[in-house]
Amino acid sequence: MIEVPDFGNKDSTSPVRRRTGIDPISAVKMPEGLTAAVDAWAESHQLTRSDAICKLIELGLKTASPVLTPVHPLESDATRIEGIAVHEIETLLDPALPADERERRIRRLTEGPPEFSHERIDLPKDAPKLRT
């Protein structure tokens, strides 16, 4: 008969590995050339490879321009798509039309018929109106 250790047993004699650091370990896969460059940078700054990678990432994040994330990705997509649609509509409209008529037609085509405005997910919802 084969004995199977009881992993649920608290009195197990197997050693418990203690954490050596306070930060979680992250593996990084890098090409040889990049690893050599990191090692050279680490040596010149008297750091270990792990500390050098952390420092280089911190430096890169400080100098990188912040990425502006929209509140909701759908909003930025809708805005971008509407801009493209307006540009395309402007190329199709007759240049002889008065400016206000051009704007009315563009608005009508991009916003759609008013009877469908409640279905659009890119428009803010109005508060429900109370009937008196």
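This report concerns the structure included in the present document.

Criteria and thresholds
Residues numbered from 1 in each chain as written. Predicted model: local features only at pLDDT ≥ 70, side-chain atom pairs only at ≥ 80, totals over all residues. Heavy atoms only, no water. Helix = DSSP H or I, 4+ residues; strand = E, 2+ residues; numbered from the N terminus. Buried < 20%, exposed > 50% of the residue type's maximum accessible area, 1.4 Å probe, protein only. Lys, Arg positive; Asp, Glu negative; His and termini not counted. Salt bridge = Lys/Arg side-chain N within 4 Å of Asp/Glu carboxyl O. Polar contact = N/O pair within 3.5 Å; in protein donor to acceptor, adjacent residues only side chain to side chain. Contact = heavy atoms within 4.5 Å.

Relative to the helices and strands, R102 resides in helix 4 (residues 99-111). Notably, R102 is buried but unbridged: the nearest opposite-charge side chain belongs to E90, and the N-O separation is 5.7 Å. A distance of 2.9 Å separates the side chain of R102 from the backbone oxygen of D94, its partner in a polar contact.

Here we come to the environment of E90. As for its position among the elements, E90 is in helix 3 (residues 73-92). Residue classification places E90 among the partly exposed positions, given a relative accessible area of 36%. Considering only alpha carbons, one finds E90 and R102, twelve residues apart in sequence, at a separation of 7.9 Å. In this structure, E90 is in contact with R102 and I106, ignoring residues within four places of it in sequence.

Turning our eyes to something else, we now look at the side chain of T35. Mapped onto the secondary structure, T35 falls in helix 1 (residues 32-44). What makes T35 buried here is its relative accessible area of 16%. Beyond its immediate sequence surroundings of up to four residues, T35 is in contact with M30 and R49.

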